[in-house]
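# Analysis of the macromolecular model
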Amino acid sequence: MKIYIFAFFCISSLYLNAQDKINTKKKNQLELSTGYNFGALKNLTLAPLSRYEYNGLYHQLKYTRTTTKENLFEVKLGYLNSELTSDLIPELNVPYYSKIVLDFSYLKRVLDTDRFSIHAGLQTQTNISSFSKFGLKADLFSRKDDVFDFQQKLGITGRFKFKINERQSMSSTLTLPFLMWRTSTFEENFYSLNRYQSIFWSTEYTYKLSNHFDVKASYNFNYDRLQISNAYRELQHQINLGVNFKF
């Protein structure tokens, strides 16, 4: 009986390995990455400064599903925790600044060859920022509790991917948000292109370790601008390293 059980497990293992070699293209990808963020924020409602600067680690979790028609569905969650600092008036530094970013995107295949592919679609992004007022002068704020800023964005996205060889590939993604709803301690309003401009661009290098694992290095650039009386600008640069599990 033990011989039959052993034979069954051996045959099953050989079958699964054979299937894995046949189905080298996985439909699901789970990516975990960590990088360093260089940012600048100008928010005159928060404080009368030309701009704040903030640096810190940025952590990201991303899930990608490839459909049978080679379309892409993605969910991405990022988190940043830092301090807002200014050389202009150090007394107005914000000791605690956190930001959560949640992206949903659906990209349809436009072109797909052996080495080059193009996808395009829509992306929605949720930004939740919180600022601790501990240590700041109370008269700078209209409330006594912590400050928050919630932004919901909608934009168009295009992605270009080039396969260098069997193990290496490069990709570039460009997102142009055109609508934003903002509710915060400062205001609640809806913005379109006439008063809101934004761009998100990322480029990524991928090296394939096996059928199940990739390593990645990426650079992200993000810029937001609101044309309002209390000027709002935000600029971010990110350099990330991550591991991608395919299943």
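So, here is what we can say about the structure in this document.

What counts and how
Residues numbered from 1 in each chain as written. Predicted model: local features only at pLDDT ≥ 70, side-chain atom pairs only at ≥ 80, totals over all residues. Heavy atoms only, no water. Phe/Tyr/Trp six-rings, centres within 6.5 Å; stacked < 30°, edge-to-face > 60°. Buried < 20%, exposed > 50% of the residue type's maximum accessible area, 1.4 Å probe, protein only. Helix = DSSP H or I, 4+ residues; strand = E, 2+ residues; numbered from the N terminus. Lys NZ or Arg CZ within 6 Å of the ring centre and 35° of its normal. Contact = heavy atoms within 4.5 Å.

### Examining the packing of aromatic side chains
This structure, assessed with the given rule, holds seven aromatic pairs. Taking 4.9 Å as the distance between ring centres and 70 degrees as the angle between the ring planes, the aromatic pair formed by Tyr 36 and Phe 38 counts as edge-to-face. When its relative accessible area of 38% is taken as the criterion, Tyr 36 is described as partly exposed. Between Phe 213 and Phe 245, the aromatic rings sit 5.3 Å apart at their centres with planes inclined by 45 degrees, giving tilted as the arrangement. Pair noted here: Phe 213 is in strand 10 (residues 213-226) and Phe 245 is in strand 11 (residues 232-246), with a separation of 32 residues, a long-range link. An aromatic cluster is defined as three or more aromatic residues linked by ring pairs; in this entry it consists of Tyr 54, Tyr 97 and Phe 131. Its end group placed over the ring of Tyr 232, Arg 182 keeps NZ or CZ at 4.8 Å from the ring centre.

### Describing the side chain of Ser 218
Within the fold, Ser 218 resides in strand 10. Among residues more than four places away in sequence, those in contact with Ser 218 are Thr 203, Glu 204, Gln 238, Ile 239 and Asn 240.

### Focus on unusual backbone geometry
Although it is not a glycine, Glu 70 sits at a positive phi angle of roughly 65 degrees. In this structure, Glu 70 sits in the loop between strand 2 (52-66) and strand 3 (72-84). Owing to a relative accessible area of 15%, Glu 70 belongs among the buried residues under this scheme.

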